[in-house]
Structure formats: structure tokens, C-alpha cells
Amino acid sequence: MDTLGPLLVGGHASSAIVAGNYAGLWAVLHKSPGKTWGVEELADAADCKERWVREWVGVMASAGVITLNSDMTLSCRPDVAAGLIPSAEPLSFFTSLELTFDKEEKIGKCFKKNGPLGVPYSDFPNFQKWMEDWTKSRIVEENFPTGYFETVGGNLYMAAEKGLEVLEPGCGAGRHTFAVAKHFPNSTFTAFDIDAEQIEKNKIKCLELGLKNVTFLVADFCAMPQEWNGRFDYLMIYDCMHDLPHPAQAMAGLKRVLKDNALLTMMDINTTSDRPTQTKDSISAVLYNISLHHCMSVSLANGGVGLGACWGVELAVSMLKEAGWAENEIKVIKEQMHAIYVLTKGNGLQ
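Residues numbered from 1 in each chain as written. Predicted model: local features only at pLDDT ≥ 70, side-chain atom pairs only at ≥ 80, totals over all residues. Heavy atoms only, no water.

K.L.:
Give a detailed account of the overall build of the protein chain, specifying residues and quantitative values.
P.N.:
Looking only at helices and strands, one finds 17 helices and 10 strands in the protein chain. Expected size for 350 residues packed as a compact globule is a radius of gyration near 20 Å; at 22 Å, the protein chain falls within 12% of this value. Referenced to the eigenvectors of the C-alpha coordinate spread, the extents of the protein chain come out at roughly 70 × 50 × 35 Å. Counting the 350 residues in the protein chain, one finds 50% classified as buried. Once local pairs closer than 6 in sequence are excluded, the contacts in the protein chain between residues at least 24 apart make up 72%. Counting every atom, the protein chain has about 16900 Å² of accessible surface; 54% of that belongs to carbon and sulfur. One way to put it: in the protein chain the 31 positive side-chain charges average out to a point 2 Å from where the 42 negative ones average out. (Helix = DSSP H or I, 4+ residues; strand = E, 2+ residues; numbered from the N terminus. Rg over C-alpha atoms; globule rule 2.2 N^0.38 Å. Buried < 20%, exposed > 50% of the residue type's maximum accessible area, 1.4 Å probe, protein only. Contact = heavy atoms within 4.5 Å. Areas by Shrake-Rupley, 256 points an atom, 1.4 Å probe, with all protein chains shown as cover. Lys, Arg positive; Asp, Glu negative; His and termini not counted. Charge placed at Lys NZ, Arg CZ, Asp CG, Glu CD.)

K.L.:
With reference to specific residues and values, describe the pattern of salt bridges.
P.N.:
Taken as a whole and assessed by the stated rule, the structure comprises 16 salt bridges. Salt-bridge contacts for Glu-165 lead to Arg-231; the nearest nitrogen and oxygen are separated by 3.2 Å. Note that Glu-165 is positioned in strand β4 (residues 165-168) and Arg-231 in the loop between β6 (214-218) and β7 (232-238), a separation of 66 residues in sequence. On the basis of relative accessible area, Arg-231 is assigned to the partly exposed category, the value being 32%. (Salt bridge = Lys/Arg side-chain N within 4 Å of Asp/Glu carboxyl O.)

K.L.:
Describe helix α16 (residues 284-301), with residues and values.
P.N.:
The largest bend in α16 is about 55°, located at Ser-291. Those residues of α16 not exposed but buried are Ser-284, Leu-287, Tyr-288, Ile-290, Ser-291, His-293, His-294, Cys-295, Ser-297, Val-298 and Ser-299. A positive backbone phi angle near 75° is found at Gly-303, which sits one or two residues after α16. (Bend = angle between axes of the 7 residues up to and from the residue.)

K.L.:
So what's going on with unusual backbone geometry? Residues and values would help.
P.N.:
Its identity as a non-glycine residue notwithstanding, Asn-155 has a phi of 65°, on the positive side. With respect to the secondary-structure elements, Asn-155 resides in the loop between α9 (146-152) and α10 (156-162). Assessed through its relative accessible area of 29%, Asn-155 is described here as partly exposed. Even without glycine at this site, Asp-239 takes up a positive phi of about 55°. Tracing the backbone through its elements, the reader meets Asp-239 in the loop between β7 and α13 (247-252).

K.L.:
Describe in detail the packing of helix α1 (residues 4-23) against helix α4 (residues 50-62), supporting the description with residues and values.
P.N.:
Where α1 contacts α4, the axes come no closer than 9 Å and their chain directions differ by 135°. Taken together, the axes of α1 and α4 lie oblique to each other. Considering how the two elements wind past one another, α1 and α4 form a crossing that is left-handed. Contact residues: α1 offers His-12, Ala-13, Ala-16, Ile-17 and Gly-20, while α4 offers Trp-56, Val-59 and Met-60. (Axes fitted to C-alpha atoms, helices over the stretch in contact; angles between N-to-C directions. Parallel < 35°, antiparallel > 145°, perpendicular 65-115°, else oblique. Left-handed = near helix turned anticlockwise from the far one by under 90°.)

K.L.:
Can you break down the pairing of strand β8 (residues 258-269) residue by residue, with the values?
P.N.:
Moving residue by residue along a regular strand, the side chains alternate between the two faces of the sheet. Among the 12 residues of β8, nine are classified as buried, and the element is accordingly described as predominantly covered. Here β7 runs beside β8; their pairing, made up of six bridges, is parallel. Considered in β8, the bridge of Tyr-234 is made with Leu-263. Pairing of β8 with strand β10 (residues 338-345), which is carried by eight bridges, proceeds in the antiparallel orientation. Its bridge partner lying in β10, Leu-264 is registered against Leu-343. (Pairing = 2+ DSSP bridges.)

K.L.:
Summarise the state of the cysteines; cite the residues concerned and give the values.
P.N.:
In protein chemistry, a disulfide is the covalent bond that joins the sulfur atoms of two cysteines. The final tally for this structure, using the stated rule, is zero disulfides. The thiol of Cys-171 is not disulfide-bonded; the next cysteine sulfur, from Cys-240, is found 9.2 Å away. Cys-171 gets classed as buried once you look at its relative accessible area, which sits at 7%. Lacking any disulfide linkage, Cys-310 is separated from the closest cysteine sulfur, that of Cys-295, by 8.5 Å. The buried category is assigned to Cys-310, whose relative accessible area is 7%. (Disulfide = S-S within 2.5 Å.)

So this is what it looks like as C-alpha cells:
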């Protein structure tokens, strides 16, 4: 069990970490960093039953996530608790297990030569909520949109303040759209997704927020309307290109919908296309597993190519070049988790 034991422990501990989030335990631990708690005291602070918390503590202490002392007091390192509160990005990767745990039989059947192509998008009703929570955590941690726009450069921030015509494909729950639209009221935004139900929810939220500079539409990224040709100053894409059934078709339409002088940014997972090299980083198991269950699967289920989340910077740049972008029009900014592709058409933004 030298190899399998830690994996087994990690799997069960991850499940309990997610349960602790729903119980509000991590939020309580985070509010009092360094504090030593009694089990009943912690249960009361989180408005939980002591017996349930006691069993949960057994899981967390056994896995080394918290420290349990001989007198049944416990403590949690501040950095651990901080990473597991609802607004923290690490928690999103634990909650991603909720997308996978009930899909194993279906996924297993897809492996077989005579099995389904993939598990379709419709089988992931909680995906948009998970993406929304993950996006929210990034917005908080990265001071979005200010930090992101300043990182991109290319006069983006100042141009957006003056007023741009902006397009966001694959907007999902609209977290990025809402954040940018509120920050830059002089710019106008068109955001679309293939998920009609989510788009209706976005329209309602847009009215609640009183935003008059946003239009939400149902549309297909792989077949953007011809009437959009040459319309937009700025096109922003967040974490959706690798999910598409036909990403090459989507990329082929990027330049078409932009004005002669424009900017495009595409945020995606920062990996290398060299799989043996990528797998030397153990956290890649998380990325590959999310892809196995969702990203690759939904693409293949739709008759697509199944790029997967770890398609890599090298392949992405190669595909962009095939779509008509010259090497001097492409800049890649690599961050810890994400790569930002900054594409400049003509003279860019003035």
C-alpha cells in the first residue's frame, strides 16, 4: 500500500473536506487563526452537532489536515483553513470532485471501443455553479478586472475606460462579464453561451444589477454569426476553448469578428503539451482528472476532438497560428495556474 495508501487516504479526506465546507467548519476555523478548539466548542461555533464534528475531526486528523491533541483539543494551520473557505481557489479543486464521483460508471463505459463517445454536458447540471464559484475565487484573489487588465497591458485598461465594444464567448454564469461591465460602464458587452438555461439566469441577474451595457445571447462559439464580422474592439475568453467540440473552428472565427485594430485575450490552463513532462508535477493529476470526467468528455460526446484541459501552451500557439495569427501577434503570459494568450490585430487598442 506504499503507493495506493496515500491515494486512498487523500480521496476520502478530500470528500470530508468538501463536507466540512458545507457545514461551515472551515469558515469558523479561518476566523480564529491559531486558536485551539474543543470539539464541542467548534461544533457550537459552526452551529453543528457535536457527534458529526467529532467524526469529521477523526478524518481530518488522520489525514494530517488538522492536529488533534491527546486531550481532544484540535487546531488547524491558518494557511490550511484560508485555502478551504468558500472564496479560496484551492477549495474549488476539492469541490470539483462533486462533478466526478457520481459519473464513474458512465465514464468507464466511455473507455470501451463500443461504448459512448463521452458523457454529455447535460449530465453535469452543477457544472455552471462550480465554474461560477471557481471564477468568483479568482476574481477575489486576482483583483479582477484591474489586476488582469494591467497584466495584459496593450492599453486595455485605459481603452476600456474610454469605451470598447467587447465580446465574451462561452460566458457561462457571467462572473467575468458582470465584473468587467460594472468596472467599465463606458464599454458595451455582448456575452454568449450555448447553455440557454444559464443565459436566461444571466439576463435576470443583469436586470437585478441594473447593468444596461450588457447583452446576453445563446450562440455557438464554433459558428459565430456573420453579422459580427469586424464589430468588436476586444474579445475576452476565459477557460472554455479546451471544452469546445471543434476549437479550431472557433479559433478560425476570432480575427473575423474583430475590428482591424483590436485585442484578444484568452485565459486557459497553463500546462505543457509534453505529457511526460507535465505529469512530473503531481498536481496535474487534478487537472487531468477534471478533464477526463468533464472537459474531454463533453467535447467527445458532442462529436468533437476532445482537446482536454491539459492541451498545453505549445499546441495552443500552434493552433492559433493555423487560425491565421502570426507569431509576432501572439504573446503568452504564464502564471502559476493559467496562461494568458494576448493576441494583437493590426495596431491593437489605441
